[in-house]
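# Notes for the structure review
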Amino acid sequence: MQNNYRQITRNGLWDSNIVFSQKLALCPLLAVTGTATNGLGMGLATLVVLVASSTVVSALRSMITPEVRIPVFVLLIATIVTLVDMNMSAWLHDLHKILGLFVPLIVTNCAILGRAESFAFKNPVLPSLVDGLMMGIGFTLSLIALGIVREIIGTGGLFANASLLLGSHFSFLEMTVIPDYKGFLIMSLPPGGFLALGFMLAGKRIIDNRITKTRTASTDKSTDNNTVIDGSSIAA
Amino acid sequence: MAEYLLLLISTALVNNVVLVKFLGLCPFMGVSNKLDSALGMGFATTFVLTLAAAAGWLIEHLLLAPLGLGYLRILTLILVIAAVVQFTEMVVRKFSPALYQVLGIFLPLITTNCAVLGVALLNIQEQHNFMQSLAYGFGSALGFTLVMVVFASLRERLALAAVPKAFAGAPIGFIVASLLSLAFMGFSGLTTH
């Protein structure tokens with residue numbers, strides 16, 4: 001069982017990371033990562049939805065008939081997103097205004113429906129909750145990573161406005177990485193998002209190749225896992 | 001009339017849904033390997049997006065706003081979109097089996113295309129009237145189809161190019177998308193919308 005949770009964690013954070021392996025949820029990923037702060041906010045919102053939807057779907061899985069499961073999932077997710085949307089609008093209003101359209105659009109985040117369908121519907125509540133949590137953390141980390149790259153190259157700073165958007169506890173995050181930097185605007189604009197993601201995907205592939213190379217001596221079970229992931233990304 | 005023409009140009013080129021607003025990226029990256037399928041996806045999305053924009057406006061202004069049910073907006077819109085997709089599938093299958101052969105497999109995928117929900121929500125946010133909503137939906141869909149076709153053509157060429165191993169496939173796709181997005185930024189300032 002211990003090993004099982006470790007595998008779930010590994011899958012969520014690296015092996016089938018929503019962004020870098022499954023290549024899902026690209027719209028919020030590229031749209032909000034102009035700064036690392038926005039990435040963090042969007043990641044946390046998605047994390048909450050993912051954990052809640054995985055738990056609820058798993059808890060209700062014996063009551064949902066397989067024939068109508070997809071509409072039921074969509075309605076459950078839409079309800080959770082509505083709750084998150086209204087709560088963010090009430091408590092984190094500035095952040096909600098910046099993320100704007102992309103909070104309601106968590107509904108059409110295929111990764112969430114994907115986890116409900118491929119994991120939560122087939123597993124008990126606790127593993128589903130952990131799976132949702134780990135997938136969400138993996139997604140949040142990817143958003144922050146992309147945000148950090150774009151923000152440092154784009155403006156030379158990091159986590160700008162964190163205290164304003166997330167509350168004063170986060171003011172320690174704000175920093176200037178490269179002083180007297182003139183900025184490279186294109187990285188903050190849409191083309192920079194595509195560019196940064198392209199290079200980061202290539203980087204992940206190089207790291208993965210290194211890992212498999214060092215492991216070739218000891219045969220590895222996780223390879224058959226990878227084929228499943230490829231299948232899901234084609235279907236999406 | 002000129003107003004609608006401007007709205008069309010502005011949504012299709014200047015504020016392109018895919019490259020500037022980042023909506024509908026999943027089909028943009030997923031179904032753009034071949035020109036035929038990109039074109040099919042583009043047409044199917046055009047149908048659904050325009051219809052959903054109109055239906056979304058009607059639902060918002062005839063049902064949700066008068067009854068004060070704004071908090072049900074996301075839930076209702078996603079249902080409406082699913083219904084429109086199903087409806088489009090039935091109509092196409094009934095009246096044009098040939099078209100159904102082309103579009104059929106793409107239709108179910110459109111429900112999770114965030115451009116459809118995004119445009120319906122943007123219409124409400126920007127308080128468009130019915131005709132503006134329709135033009136906005138159609139313009140966005142045109143922009144989507146245009147970018148799909150251009151990107152698929154580029155990727156067909158890319159498949160034959162010698163690309164460094166680490167970049168083959170998706171990574172180089174994103175870098176090409178970045179250049180395409182850069183080109184579309186040249187349209188900004190064309191209209192004031």
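In this text the structure is predicted, and so the values were computed from the model without any measurement. (Residues numbered from 1 in each chain as written. Chains lettered and ligands numbered in written order. Predicted model: local features only at pLDDT ≥ 70, side-chain atom pairs only at ≥ 80, totals over all residues. Heavy atoms only, no water.)

This brings us to the overall build of chain A. Along the backbone of chain A there are 10 helices and 2 strands. Listed N to C, the secondary structure of chain A is α-α-α-α-α-α-α-β-α-β-α-α in terms of helices and strands. Here chain A holds 236 residues, and 48% of them are scored as buried. Element-wise, carbon and sulfur atoms account for 66% of the exposed surface of chain A, whose accessible area totals about 11,100 Å². (Helix = DSSP H or I, 4+ residues; strand = E, 2+ residues; numbered from the N terminus. Buried < 20%, exposed > 50% of the residue type's maximum accessible area, 1.4 Å probe, protein only. Areas by Shrake-Rupley, 256 points an atom, 1.4 Å probe, with all protein chains shown as cover.)

Okay, the pattern of salt bridges next. All names here are of chain A. Applying the stated criterion across every chain, the model contains 5 salt bridges over all chains. Among the salt bridges present, the one from D15 reaches R10, with a minimum N-O distance of 3.1 Å. D15 gets classed as buried once you look at its relative accessible area, which sits at 12%. For K204, the salt bridge is made with D208, and the minimal N-O distance between the two is 2.9 Å. (Salt bridge = Lys/Arg side-chain N within 4 Å of Asp/Glu carboxyl O.)

Counting across every chain of the model gives 1 cavity of 30 Å³ or more. In this structure, the largest cavity encloses a volume near 80 Å³. What lines the largest cavity is a set of 13 residues, and nearest its centre among them are C27, P28, L105 and N109 of chain A together with C114 of chain B. Grouping the constituent residues of the lining of the largest cavity by class yields 10 nonpolar, 3 polar and no charged. (1 Å grid on protein atoms, 1.4 Å probe; cavity = no way out; pocket = protein on both sides within 12 Å on 5 of 7 lines; lining within 4 Å. Points joined across faces, edges and corners; volume = space filled by probe spheres on them. Nonpolar A, V, L, I, M, F, W, Y, C, P; charged D, E, K, R; others polar.)

Before going further, it helps to spend a moment on the interface of chain A and chain B. With 37 residues of chain A in contact, the opposing surface of chain B contributes 38 residues. With both chains or domains summed, chain A and chain B bury close to 3,200 Å², and 84% of this area falls on carbon and sulfur atoms. Counting across the chain A and chain B interface gives 0 salt bridges. Summed over the shared surface of chain A and chain B, the result is 3 residue pairs in polar contact (both at pLDDT 80 or more). Mapped onto the side of chain A that touches chain B, the elements with two or more residues apiece are α2 (26-32), α4 (69-91), α6 (110-118) and α9 (190-215) of chain A. Within the side of chain A that touches chain B, the residues separate by chemical class into 30 nonpolar, 4 polar and 3 charged. (Contact = heavy atoms within 4.5 Å. Buried area = accessible area lost by both parts, 1.4 Å probe. Polar contact = N/O pair within 3.5 Å; in protein donor to acceptor, adjacent residues only side chain to side chain.)

This paragraph deals with a nonpolar patch on the surface. Taken together, I153, M175, V177, I178, Y181 and F184 of chain A make up a surface patch of nonpolar side chains, about 480 Å² in accessible area. Exposure remark for I178 of chain A: the relative accessible area of 33% places this residue in the partly exposed category. (Patch = residues over 30% accessible without salt bridge, like charges linked within 9 Å, V, L, I, M, F, W, Y side chains within 5 Å.)

Before going further, it helps to examine the environment of I137 of chain A. Residues and elements named next belong to chain A. The topology assignment puts I137 in helix α7 (residues 125-155). Residue classification places I137 among the partly exposed positions, given a relative accessible area of 29%. Taking C-alpha positions, I137 is 21 Å from A59, a pair spaced 78 residues apart along the chain. Not counting residues up to four positions away in its chain, the partners in contact with I137 are L13 and L47.

Before going further, it helps to examine the packing of helix α4 (residues 73-95) of chain B against helix α7 (residues 114-125) of chain B. All names here are of chain B. Contact geometry of α4 with α7 gives a least axis separation of 10 Å together with a crossing angle of 130 degrees. As far as their axial angle goes, α7 and α4 are oblique. Of the two possible hands of crossing, α4 and α7 adopt the one that is right-handed. Here α4 contributes R73, L77, I78 and I81 to the contact with α7, which in turn contributes V116, L117, A120, L121 and I124. Of the residues that constitute the contact of α4 with α7, the class distribution is 8 nonpolar, no polar and 1 charged. (Axes fitted to C-alpha atoms, helices over the stretch in contact; angles between N-to-C directions. Parallel < 35°, antiparallel > 145°, perpendicular 65-115°, else oblique. Left-handed = near helix turned anticlockwise from the far one by under 90°.)

Next up on the list: the confidence of the model for chain B. Residue and element names in this part refer to chain B. When the pLDDT values of chain B are averaged, the result is 87; 97% of them are 70 or greater. Confidence, expressed as mean pLDDT per element, reaches its minimum in chain B at helix α5 (residues 97-103) with 78 and its maximum at helix α8 (residues 130-158) with 93. Two numbers describe this predicted complex: its pTM, 0.85, and its ipTM, 0.84. (pLDDT = per-residue confidence, 0-100.)

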